[in-house]
Amino acid sequence: MQGNEKREVVVIGAGAVGVSCALWLRRKGFDVLLVDRGDIAGAASFGNAATIADYACTPIPQPKIWRDLPGLLFGVESPLSIRWSRLGNFATWLAAFLAQCNRRAYLSNTGALAALLRGTHDGYAPLLDDAPNAAALVRREGCLYAYQTEAAFRRATDDIKLRAELGVRQEMLSASELAQLEPALHQRAVGAVLFPSASHLVDPQSFVWELAKPLIAEQRHVRMDVSTIATSAAGVSLRSAKGEEIRADRVVIAGGAWSAKLAAQLGDRIPLGAERGYHVEFQLKEPLFTRPTCIAESSFYMTPLRDLRLRAAGTVELSGLRLPLNPARTDFIERNIRRNIRLDAPVTSSWLGIRPTMPDYLPVMGHSSADERVIYAFGHQHLGMTLAGTTGDMVARLIEGKKPKELEQFSVARFK
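As the structure is a prediction and not an experimental result, all values here were calculated from the model.

So, about the overall build of the chain. Each helix and strand in the chain was counted, giving 14 helices and 20 strands. A compact globule built from 416 residues would reach a C-alpha radius of gyration of about 22 Å, and the chain, at 21 Å, matches this within 12%. Across its three principal axes, the chain shows a C-alpha extent of roughly 65 × 45 × 40 Å. By residue count, 57% of the 416 residues in the chain fall in the buried class. For the chain, the share of sequence-separated contacts (at least 6 apart) that also reach a separation of at least 24 residues comes to 76%. Counting 50 positive and 43 negative side-chain charges, the chain places the averaged centre of each group 3 Å from the other.

Turning to the domain arrangement of the chain, a few remarks are in order. The assigned domain composition of the chain is domain 1 (6-46 + 206-270 + 361-415) and domain 2 (58-102 + 139-198 + 272-357). A straight line from the C-alpha centre of domain 1 to that of domain 2 covers 28 Å. The partner domain 2 presents 19 residues to the 17 residues of domain 1 that form the contact. When domain 1 packs against domain 2, the two sides together hide about 1500 Å² of surface, and 65% of this comes from carbon and sulfur. At the junction of domain 1 with domain 2, the criterion picks out 0 salt bridges. Along the contact surface separating domain 1 from domain 2 lie 7 residue pairs in polar contact (both at pLDDT 80 or more).

What follows covers the nonpolar core. With 72 residues, the main nonpolar core has Tyr 55, Phe 207, Leu 211 and Val 252 as its most contacted residues. Counting contributing residues, this core receives three or more from each of domain 1 (6-46 + 206-270 + 361-415) and domain 2 (58-102 + 139-198 + 272-357).

Rules and cut-offs
Residues numbered from 1 in each chain as written. Predicted model: local features only at pLDDT ≥ 70, side-chain atom pairs only at ≥ 80, totals over all residues. Heavy atoms only, no water. Helix = DSSP H or I, 4+ residues; strand = E, 2+ residues; numbered from the N terminus. Rg over C-alpha atoms; globule rule 2.2 N^0.38 Å. Buried < 20%, exposed > 50% of the residue type's maximum accessible area, 1.4 Å probe, protein only. Contact = heavy atoms within 4.5 Å. Lys, Arg positive; Asp, Glu negative; His and termini not counted. Charge placed at Lys NZ, Arg CZ, Asp CG, Glu CD. Domains from an automatic or database assignment. Buried area = accessible area lost by both parts, 1.4 Å probe. Salt bridge = Lys/Arg side-chain N within 4 Å of Asp/Glu carboxyl O. Polar contact = N/O pair within 3.5 Å; in protein donor to acceptor, adjacent residues only side chain to side chain. Core = buried A, V, L, I, M, F, W, Y, C linked by side-chain atoms within 4.5 Å.

And the structure:
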């Protein structure tokens, strides 16, 4: 890499969000370079639930957390796991998360996410027009929340009503209607909510790779582990521990859970958390589901992928960035999936990835408070794949000099 190389815009992070930002900037005519220490879609964009969840506006921090907290923290069958020996690593984040678990914050955060999610499909549309092979990996079959008990369905009433008020498309299904859509759930659910405008990807990593092909073909993607960022009158300088350097007029930080370390070098102290998410894949002999289906009580998504794979994704583990995969979490997923749908197919792979999550479950998007030549685009929690297209669109507009009104609630200024 040339030490004197300078680009108009450098995007740090080659996950779905970073790739989409680079593609939108390319569409606008900017000289853009995508930088990542690893493969394209090699981290959270590889192992997610493979769902374009345009309905997922109700964040995890909400008032009912206080009622459920003992079971979440200490229950044997809890979808949330905490390694208490590592509590010091995330105690501040956890306190900030709990501070968001009130009705005022919940309604505000839900409204902000709903507004952002309205741009989900428009944000992807031109990118998919340019990448027909990526578009071929999208299945537009909707998504399901299935409920196993009437009590759980009743507890979801407030969220269903709130989504309706915010304009989210959803349809209530009886047990018989659900069984017609997904026979594997026959006699295992009392009803469901169908989100008909949602879609899913039959191979998330290949989807992002196909989107990124123009960047690769034009040599707009390089591997570099950016460890330092500095600004000066001459521009923004990025360096690696190996001594590599790239200079740019502007930089977009879309590095997922590692983004806060770079932001801190600019003086922005951002409480970015690292949710450790897991998936388990089963090799089927015949198709089992048509669309992503979440059994609401256990919070697992079961998503059909190509080659007759079924991906079960879910659970949140708080224990830091560096620890290896915790087999207790993958065992928990496998055990619950087999119990819920009587599955005897073999497990073919397990995975651990890091979700970048803010305490309010809203992403950080917009200018750095220290220097407007640096733009943030990270913290999308479970919605990175969903919101990648619209994030790229807004970042490109921001760099064009426009000020998308949608970004106001996602500014880093909310932490000052």
